[in-house]
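Coordinate analysis (summary)
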Amino acid sequence: MTGSERLNFLWIYGEDLYPNLACYGTPVVQTPNLDRLASEGARYENAFVTCPVCSPSRSAIISGTYQTSFGAHQHRSKRDDPLPDRVRLITDHFRDAGYFTCNSPGPPFDRRGKTDFNFHVENPFDGKDWSERDQGQPFYAQCNLPDTHRDFRRDPERPVDPDAVELPPYYPDHPLTRADWAQYLESVQVVDRKVGQILDRLDEEGLADNTVVFFISDHGRAHVRDKQFLYDGGIRVPLIARWPGGVEPGTVSDDLVSGVDFAPTTLALAGLPAPDHMEGQVFLGPDAVTRDEVIAARDRCDGTDDRIRAVRTHRHKYIRNYHPDRPHLQFNAYKKLQYPVLALMESLHARGELTSEQARFMAETRPAEELYDLDADPHELHNLAESAEHAPVLEDLRRRLERWIDETGDNGETPENPAIAAYWDDHMAANFAQAMGERGLATDIAPDDYLRWWEEAYGTA
C-alpha cells in the first residue's frame, strides 16, 4: 500500500481515569464526544492495565511487555536506566515501517506530551504533532490529556452538583468526598471536550476515515483506594476503539483486555508483526484472540515500598499481598498532599465513625490473600479467601498467578536495592516537609486539624 492508503493510528490517553463516562453508565457526567466515539466504534467493558500507577503502566503499554518482566515495575526508581536491548517501543516498529511518530498533550498540539516511562530512552517520538510528517506519510500519534490527574481541572461551563454524584461505598458519604468527586467528574468533562477537538480536527483534515483511534488511560482513578491499588478502581480503564470499516459502530465488548495488548493489537492492524518480547495479545481485527484472565502488579510507588499481585477473570479477583504485616495506607507523601478524602478517612477512623467496610482499609495489617466475587460484590468489600465454598476458585487463581510469575520472570521476586529505598525515603520525606511548610502546616498535624484545613480549602467546612 502507498503511504496515503496505510492506516494512521492515534492513542488518546485520559490520565488517571476509570470508565466514569456517560457511555459507561456514570450519571451526572457529560461526555458527548466520547459517547460519540463509542457509538462510532467499540466500547470495551473489561479493559485493565498492568499497574495502578503511571510509570510502570506506561512502560508496559508502550512496549507490550509486563513492567515486571524487564525491571520497570518500581515506580520512578529506574528512570535513568537504559531499556534492555531485547525490548523495543511500539514507536520503533512504526518508524521501521516508515511511519511518523508523535506525542502531544492535545490541543493546541504545540509541545511534547507526557511519556513518564520507567526507563531512559532517547527520542521515543519523532515530534509533537502529525502535521510535522512528510506529505503522504502515515503516522502513529499519542495525545496525553493531563486534566484528570490531580489537581483536577475544573469545568466552569458544566459544573457538577456534589449532591448528585454517586459514591462507592468504600468512601464516606461526606460533603468533602462529594466535592472532591464532583471535581473529578468535571475534569472528565474537560478531557471529553479536548477529545471532541481532536476528533473534529481529524474530520477537518480528511483523516477520520483512515485513522484508527483508541481512547485509553494509564490507570484508574486518583482516589484513596483506587490509584496505586489493585482493586478495579485502580486498574480498570476505559477503552474505546474506532476503526472505520473495521469495527461495527456501537459495538459493546465484554472481552478481557490488558494494557500489554494495546501495542501488539495496534501493530497487527497496521499489518506489522509483534516482536517476541511482547507479552500481550491481539484483541481486535482478524487476528484477535480472547483472554481468560488479566494480571496486574503493584510495587514501589514513590516513597511507599510494597508488592501486590492480582489475577482477574470476568467473575473473580484474587489479590496476593506480600507484606500483610503492613497497612494498606503506608505513608505516601503524594496522597497525603493531594487526597482530601484520605485526611477525612483518617479523621473519621480515629473517631470510630467509618463503616466496617471503610475501616477495613484503614487497618494496621491486611490479609495475605483476598478473593472477591465481582458479580455479587463489584466494589470488592467482602473477602472470600477463607470461605470453604470458594476454596476451588482460590486455588485455581493461585495457580494462575504462580504460572504467570514463572513464565514472565516477575522481577518483583528480586529484592530492591536498599540504596533506592533509602533515597526515596529521604527524598519524599523532604518534599513532604517542604510542601506542608508552604501550607503553614506541621508534618505531624493531628487528623482532625488536617481535615479542617481541607474543608476550608474545598469550601465544605
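Refer to the structure printed above.
First, a word on scope: everything that follows refers to the structure included in this document. Note that the coordinates shown come from a computational prediction; the quantities given were computed from them, not determined experimentally.

Turning next to the overall build of the chain. Summing up its helical and strand segments, the chain has 12 helices and 11 strands in all. Taking the principal axes of the C-alpha coordinates as reference, the chain spans close to 70 × 50 × 45 Å. Expressed as a percentage of its 461 residues, the buried residues of the chain come to 61%. Across the chain, contacts joining residues at least 24 apart in sequence account for 75% of those joining residues at least 6 apart. Accessible area for the chain stands at about 17900 Å²; split by element, carbon and sulfur atoms hold 46% of it. Side chains of the chain carry 49 positive and 79 negative charges; the gap between the two charge centres is 1 Å.

Okay, the pairing of strand 5 (residues 211-216) next. Among the 6 residues of strand 5, 6 are classified as buried, and the element is accordingly described as predominantly covered. Alternating residues of strand 5 divide into T211, V213 and F215 and V212, F214 and I216, and every residue in both groups is buried. Inspection of the sheet shows strand 5 paired to strand 6 (residues 236-242) by 3 bridges, in the antiparallel sense. Counted as the bridge partner of F215 is I240 from strand 6.

The next subject is the packing of aromatic side chains. Aromatic rings in a pair are described by how distant their centres are and how their planes are angled relative to each other. In the structure shown here, the tally under the stated rule is 27 aromatic pairs. Note on F331 and F432: the rings are 5.0 Å apart at their centroids and 75° apart in plane angle, and the pair reads as edge-to-face. Of the two residues, F331 sits in the loop between strand 10 (316-321) and helix 7 (333-338) while F432 sits in helix 11 (residues 418-438), which places them 101 residues apart along the sequence. Residue class for F432 comes out buried when judged on its relative accessible area of 5%.

Before going further, it helps to spend a moment on the sheet that holds strand 8 (residues 294-298). Pairing between the strands of a sheet comes from backbone hydrogen bonds, and it takes one of two forms, parallel or antiparallel. Within the open sheet, the 4 strands sit side by side as 8-9-10-11. Their pairing is antiparallel. Taken across any chain shown, the strands that pair with only one partner, and hence form the sheet edges, are strand 8 and strand 11 (369-373). Direction aside, the axes of adjacent strands within the sheet are offset by 15° on average. Strand direction decides the pairing type here: strand 10 and strand 11, joined by 5 bridges, are antiparallel. The residue bridging R320 from the neighbouring strand is E369, located in strand 11. Contacts from helix 10 (residues 391-408) reach strand 8, strand 9 (308-312), strand 10 and strand 11 within the one sheet, and its direction differs from that of strand 10 by about 60°.

The rules behind each value
- Residues numbered from 1 in each chain as written.
- Predicted model: local features only at pLDDT ≥ 70, side-chain atom pairs only at ≥ 80, totals over all residues.
- Heavy atoms only, no water.
- Helix = DSSP H or I, 4+ residues; strand = E, 2+ residues; numbered from the N terminus.
- Buried < 20%, exposed > 50% of the residue type's maximum accessible area, 1.4 Å probe, protein only.
- Contact = heavy atoms within 4.5 Å.
- Areas by Shrake-Rupley, 256 points an atom, 1.4 Å probe, with all protein chains shown as cover.
- Lys, Arg positive; Asp, Glu negative; His and termini not counted.
- Charge placed at Lys NZ, Arg CZ, Asp CG, Glu CD.
- Pairing = 2+ DSSP bridges.
- Phe/Tyr/Trp six-rings, centres within 6.5 Å; stacked < 30°, edge-to-face > 60°.
- Axes fitted to C-alpha atoms, helices over the stretch in contact; angles between N-to-C directions.

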